[in-house]
2 protein chains.
Amino acid sequence: MKIDVKKDLYETEKTLAQINRETFKGLQLPVVNMIGSPGAGKTTLLEKTLEHFKAQGKRVGVIEGDVQTSIDSDRLSVFGMPIGLINTNGGCHLSSEDVSRAAKALPLDTLDLLIIENVGNLVCPAAFDLGEQMKIAVLSTPEGDEKPLKYPALFKNAGLVVISKCELADMCRFDVRRAKDNIRAVNPDARIIELSALDGTNMDEYLSFMMNLAE
Amino acid sequence: MKIDVKKDLYETEKTLAQINRETFKGLQLPVVNMIGSPGAGKTTLLEKTLEHFKAQGKRVGVIEGDVQTSIDSDRLSVFGMPIGLINTNGGCHLSSEDVSRAAKALPLDTLDLLIIENVGNLVCPAAFDLGEQMKIAVLSTPEGDEKPLKYPALFKNAGLVVISKCELADMCRFDVRRAKDNIRAVNPDARIIELSALDGTNMDEYLSFMMNLAE
């Protein structure tokens, strides 16, 4: 007997993702899954998001996925929003089971939005549906404008692509127009926002997008 | 009957890695496995390495691992050194089998050094021995100086840690001393070279290191 282990694991994952999706849907809770390389600026975007939601009297919860340490969840804890930390201990992506476990410990019914910050990795997290409503891809300019072609799986399935650290684009010879062309080559419908959390460029556009999700 | 699939896969991988290692040892061919995030600067380091080896009359082969595209191997092909491209088609790391297959197509007995450029990923490639003599970790300054703590598996097992894109350190609020402390916290014996391929800082030290491997 030959067991297709990979297929079996994927099927289990898909079932768990579907259960998560129904739970979130039942609560009318929008959920996004934020994915990008280590250091793409995901946690900085979350700091800005939590700060903005707090100022607007909205509640956003975070499921923070990290291989090791509580460095990122510590950074986010200052905003007084509920945060669930998952250390994968070497694991390269969050699973639906991780999300289910973390979500159970969060006061979901008090939230306007739930953001999952996945493990810093452009490859593996793209392959796993966690039950989210939308994937957000974060590509930082120092990574290079060809990355959407080299790592298409994530960009293909993202509802929003954030091009972050735009203040470094010139120094990193990152061509924003070429990057957008490359994103659109794999995903013609993606919404794309190029921004700088450092100098504030287009942060209003990003924050409006997130706020609209929570309406 | 319960099959420990993960253990079984790891055992097969370990055997293949050992076969690769013996092949390389039999040819007295030094082999390094270069690992880092997407956009950390691995391919740029290889361009500088191939250029330098060529000028010194030495031959270096490259096994280029990428999820998709031949963008990186095209960049390296201008130096006239033998390059084997492996597209993993979604796979998040190179396997020993990938390396074995690519190596068979390269003129190994004419080489002074073989460099494996792994898939851009700080997590998964760290878990797989490919039969190399040494892992080289590449951490770019825009990724942040805390990354050795967040992704310890790679840094723990690296013989050399390259801190790349040092010209961006100040703009990215990357503290080189803190980064070195964090690397040494997980790997007290790592050789660390901070460099800039753009402005040439410490490139001589890096190139001497690589040349010494090939002696």
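Residues numbered from 1 in each chain as written. Chains lettered and ligands numbered in written order. Predicted model: local features only at pLDDT ≥ 70, side-chain atom pairs only at ≥ 80, totals over all residues. Heavy atoms only, no water.

J.: How do you make sense of the overall build of chain A when you look at a structure like this?
T.: Along chain A, the regular secondary structure elements total eight helices and seven strands. In terms of overall dimensions, chain A is globule-like: its C-alpha atoms have a radius of gyration of 17 Å, near the 17 Å expected for 215 residues. C-alpha extents for chain A along the principal axes are approximately 50 × 50 × 30 Å. The 215 residues of chain A split such that 57% are buried. (Helix = DSSP H or I, 4+ residues; strand = E, 2+ residues; numbered from the N terminus. Rg over C-alpha atoms; globule rule 2.2 N^0.38 Å. Buried < 20%, exposed > 50% of the residue type's maximum accessible area, 1.4 Å probe, protein only.)

J.: Whenever I open this one, the sheet that holds strand β1 (residues 31-36) of chain A confuses me. Can you help?
T.: Sheet strands pair by backbone hydrogen bonding; their relative direction is either parallel or antiparallel. All names here are of chain A. Ordered in space as β3-β2-β4-β1-β5-β6-β7, the seven strands form an open sheet in which the pairing is parallel. Two strands close off the open sheet at either side, each with one partner strand: β3 (83-87) and β7 (191-194). Averaged over all adjacent pairs, the angle separating strand axes in this sheet is 20°, with direction ignored. Bridge count between strand β2 (residues 60-66) and strand β4 (residues 113-117): five bridges; the pairing is parallel. Note on β4: the bridge partner recorded for Ile-63 is Ile-116. (Pairing = 2+ DSSP bridges. Axes fitted to C-alpha atoms, helices over the stretch in contact; angles between N-to-C directions.)

J.: Looking at this structure, I do not really get the interface of chain B and chain A. What am I missing?
T.: Accessible area lost upon the coming together of the parts is a frequently used measure of interface size. Taken residue by residue, the interface counts 35 residues in chain B and 35 residues in chain A. Taken over both partners, the interface formed by chain B and chain A buries close to 2600 Å², and the fraction arising from carbon and sulfur atoms is 68%. Sorting the residues of chain B by area buried against chain A places Pro-38, Lys-150 and Met-171 of chain B first, and these three jointly supply 23% of that buried surface. Across the chain B-chain A interface, the total number found is four salt bridges. (Contact = heavy atoms within 4.5 Å. Buried area = accessible area lost by both parts, 1.4 Å probe. Salt bridge = Lys/Arg side-chain N within 4 Å of Asp/Glu carboxyl O.)

J.: Just to check I follow, could you spell out the sheet that holds strand β3 (residues 83-87) of chain B for this structure?
T.: Residues and elements named next belong to chain B. Spatially, seven strands are ordered β3-β2-β4-β1-β5-β6-β7 in an open sheet, and the strand pairing comes out parallel. In this open sheet, the two strands that pair with only one neighbour each are β3 and β7 (191-194). Ignoring which end each strand starts from, the neighbouring axes of this sheet average 20° apart. Contacting β1 (31-36), β4 (113-117), β5 (134-140), β6 (158-164) and β7, helix α8 (residues 203-213) runs over the sheet at an angle of about 140° to β7.

J.: Got a minute to help me understand the nonpolar core in this structure?
T.: For soluble globular proteins, the rule of thumb is that nonpolar side chains tend to be buried together. Phe-155 of chain A together with Phe-155 of chain B are the most contacted members of the largest nonpolar core, which totals 46 residues. Secondary structure elements with two or more residues in this core: β5 (134-140), α6 (152-156), β6 (158-164) and α7 (176-186) of chain A together with β5, α6 (152-156), β6 and α7 (176-186) of chain B. Not counting residues within four places of it along the chain, the set of residues in contact with Phe-155 of chain A comprises Leu-122, Ala-137, Leu-139, Lys-147, Pro-148, Val-161, Ile-183, Val-186 and Asn-187 of chain A. (Core = buried A, V, L, I, M, F, W, Y, C linked by side-chain atoms within 4.5 Å.)

J.: What is the right way to read the pattern of salt bridges from this model?
T.: Opposite charge on two side chains lets them pair, provided their charged atoms get close. Applying the stated criterion across every chain yields a total of 20 salt bridges over all chains. In this structure, Asp-66 of chain A engages Lys-150 of chain B in a salt bridge whose closest nitrogen and oxygen atoms are separated by 3.2 Å. Here Asp-66 of chain A, found in strand β2, pairs with Lys-150 of chain B, found in helix α5 (residues 147-150), and the two come from separate chains. Looking at Asp-66 of chain A, the relative accessible area reads 2%, which means it is buried. Asp-145 of chain A is the partner of Arg-178 of chain A in a salt bridge, and the nearest nitrogen-oxygen pair spans 3.1 Å. Of the two residues, Arg-178 of chain A sits in helix α7 while Asp-145 of chain A sits in the loop between β5 and α5 (147-150), which places them 33 residues apart along the sequence. According to the relative accessible area criterion, Asp-145 of chain A is buried, its value standing at 9%. Counted as one network, the salt bridges with shared partners bring together Asp-66 and Asp-72 of chain A together with Lys-150 of chain B.

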